[in-house]
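Structural description and commentary
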Amino acid sequence: MLITLFVSGIVLGCIYGIVALGYSLIYKASGLMSFAQGDLMTVGAYLGITFYSYMKLPFFISIILIGVIMFFLGMGIERGVIRRLRRKGVEPIYVVLATIAISFIIQNGCQKVWGPVMLNFPSIFKTSTIQLFGRNFQTESIFTVIASFTIMAILQFFMKKTKAGTAMRASAMDPIAAKACGINVNITTGLTWGCAGCTAALAGVLMGPLYGVFSTLGSQIGTKGFAAAVIGGYGNFVGSIVGGLILGLLETLTSGYISSNYRDIISYTVLILFLFIRPWGLFNERTIKN
Amino acid sequence: MSAFIGNRNRLGIMIFIIVGLVLPLVFSAMPYAVLVCCYILIYLIAVSGFDVLVGFSGQISMGHAAYYCIGAYGSAMLHKYTGIPVFFTMLIAAVTATLVGTLIAWPTTKLVAHFMSLATIAFGNIVFQLVNTSPGRITGDANGLHTTYLSVFGYELNTYTRFYYFALIMVLLFMLIKYNLLHSRVGRAMLAIRENDHAANGMGVNVRFYKVAAFAVSAFFAAYAGAMFAHLVRYISPDSFKQTVSVMFLTMLLFGGTASMSGPIIGVTIVSLLNEALRPASSYKMLVYGVLLLFVILIFPGGILGVMRSMKEKIIQKRK
């Protein structure tokens, strides 16, 4: 049983990790927190069902379509709401509140468009289970693990080693100085949110086959994703995955050995403890002071 | 109990009291309307306290329903398991919530704004989970808890109208507390902290103390309101204390206008009426909240009160 729990914990942890990657990306490149990430994931999952299951498009095409749509959705949110708020010069907390409002709208919107019933996401791969350590696991879950590490590596490389990534980080640290260096802050911020939207979409599509698709899919995972991000260091990509893994393992092992009732309490308590005692997380990510 | 209330404010207060006294008589044929008015009064207490935290000391709490919950469940459970009269359990529950609030506030207030919001959300969720799956099922878990009426000096408040007048008195009391708090050293210190806490620190204001105090006061208000809620509807379940309630408080406050006495009144009334109007289409409720919140933040961040103030200024300008 330990092996099953352990692998489930890793898979869950990778899901939290992908969500946390989105949060870290937005924070690293615009200094903001977005509560809408989780619900963007839900949209990604629903779009996945629409394209892959209802319209019977091949999976590869669906993913690309979803990626593009969500990219523009992310950019749209940034341009329509976030940028306007920043131009007004409101307190950053109002931006956070705006993303909460968007999250509500998306949740209820999904419910209205796709119905309140939980939908079934068909299996992506031809082999529906894989044998590992003598136990059976859904192929999608192993794929999730691989995908999350890949995305983490891509993001880490992009942010640290490429010009565009450095431009994004500069825009977040000091928009005025970045503009003085010739960086188009508006475009980089928009791109970041677009990328975060893509990440969320991917997470949603991966989670669909594992959990089914319903309108609160994202918000439940979303808050835990925050915990993962804080544990690893908010803004640190490796930290997001590591934090996610720790959280995922903690949750599944607690559910398995103690009781599944206390799963959420444990997660939130860990989040609060880290916020109080070590808000810069395990990887020493200092917060950007505004 | 000093009251530096000018003539203009006095008129506003008179109107408020008269309308408040008359309302149940107007609705005497519709007890449901009186119930809605009771809700408005209860939420008014909670949101007024919330205003002390958000509007005056400039902090954010997105899990404030936790204190509302502690007040409600605390009073109901204390009365159920110890038999202490409801009047006192309500106070004890409120004080307990204040202590809890102080304890949580102490490390929370040193966090940056968005981390503070995360911490308060997490706390709100923890409290919700604790009442949803409590050890030994003492809170009744998802099935909830039944409780009884509040009795004041032997007079049982077993109709909505009787409760309404009690609630009206409590509202006036709490508003008076808030008013005196804000027009004192404490209030001025909080305003200073809201504007620039480093500068306030430099002026000798004990920033940490007042930030925690703001949390404590808002917890007390919210918890007492929660206790009132418990003994009005006499059945509480975890569903009434979810994250959405916290967001509702925030919406009410921001919509009406922060840092004022009448802002919460406007916000609570309008959002409560909206709640009732949306009952047949309750599946759209979250959507409407989201849109409302977004509207307020994007277009008039000062809330309705802010809009009124700027309109008044424009009129004064035009006269000149």
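The notes below deal with the structure included here.

Core analysis: the biggest nonpolar cluster contains 192 residues, and Leu-271 of chain A together with Ala-46, Tyr-68, Cys-69 and Ala-223 of chain B have the highest contact counts within it. Looking at which element gives the most residues to this core, the answer is helix 9 (residues 207-233) of chain B, with 20 residues. Dropping the residues within four chain positions of it, Ala-223 of chain B is found in contact with Tyr-67, Tyr-68, Ile-70, Gly-71, Ala-93, Ala-94, Ala-97 and Thr-98 of chain B.

For Leu-85 of chain A, the position within the fold is in helix 3 (residues 59-88). According to the C-beta neighbour criterion, Leu-85 of chain A is buried, with 21 such atoms within 10 Å. For the pair formed by Leu-85 of chain A and Gly-109 of chain A, sequence separation is 24 residues and the distance between their alpha carbons is 23 Å. Not counting chain neighbours up to four residues away, the residues in contact with Leu-85 of chain A comprise Val-90, Tyr-94, Val-95 and Ala-98 of chain A together with Ile-297 and Leu-298 of chain B.

Note on interface size: it is often stated as the accessible area lost on association of the parts. Chain A puts 34 residues into the contact, and the matching count from chain B is 31 residues. Those elements that place two or more of their residues in the side of chain A that touches chain B are helix 3, helix 4 (92-114), helix 9 (217-232) and helix 11 (263-277) of chain A. For the side of chain A that touches chain B, the element with the highest residue contribution is helix 4 of chain A, accounting for 15 residues. For the side of chain A that touches chain B, the residue count by class is 24 nonpolar, eight polar and two charged.

Residues and elements named next belong to chain A. In this fold, Val-270 is placed in helix 11. Overall, the presence of 21 C-beta atoms within 10 Å leaves Val-270 in the buried class. Expressed as a C-alpha distance, the spacing of Val-270 and Ala-227, which sit 43 residues apart in the sequence, is 7.6 Å. What Val-270 contacts, discounting residues up to four positions off in sequence, is Ala-227, Ile-231, Leu-247 and Leu-250.

Here is what the cut-offs are and how they apply
Residues numbered from 1 in each chain as written. Chains lettered and ligands numbered in written order. Predicted model: local features only at pLDDT ≥ 70, side-chain atom pairs only at ≥ 80, totals over all residues. Core = buried A, V, L, I, M, F, W, Y, C linked by C-beta atoms within 7 Å. Buried ≥ 20, exposed ≤ 12 C-beta atoms within 10 Å, placed from the backbone. Helix = DSSP H or I, 4+ residues; strand = E, 2+ residues; numbered from the N terminus. Contact = placed C-beta atoms within 7 Å. Nonpolar A, V, L, I, M, F, W, Y, C, P; charged D, E, K, R; others polar.

These figures come from the coordinates and say nothing about function on their own.
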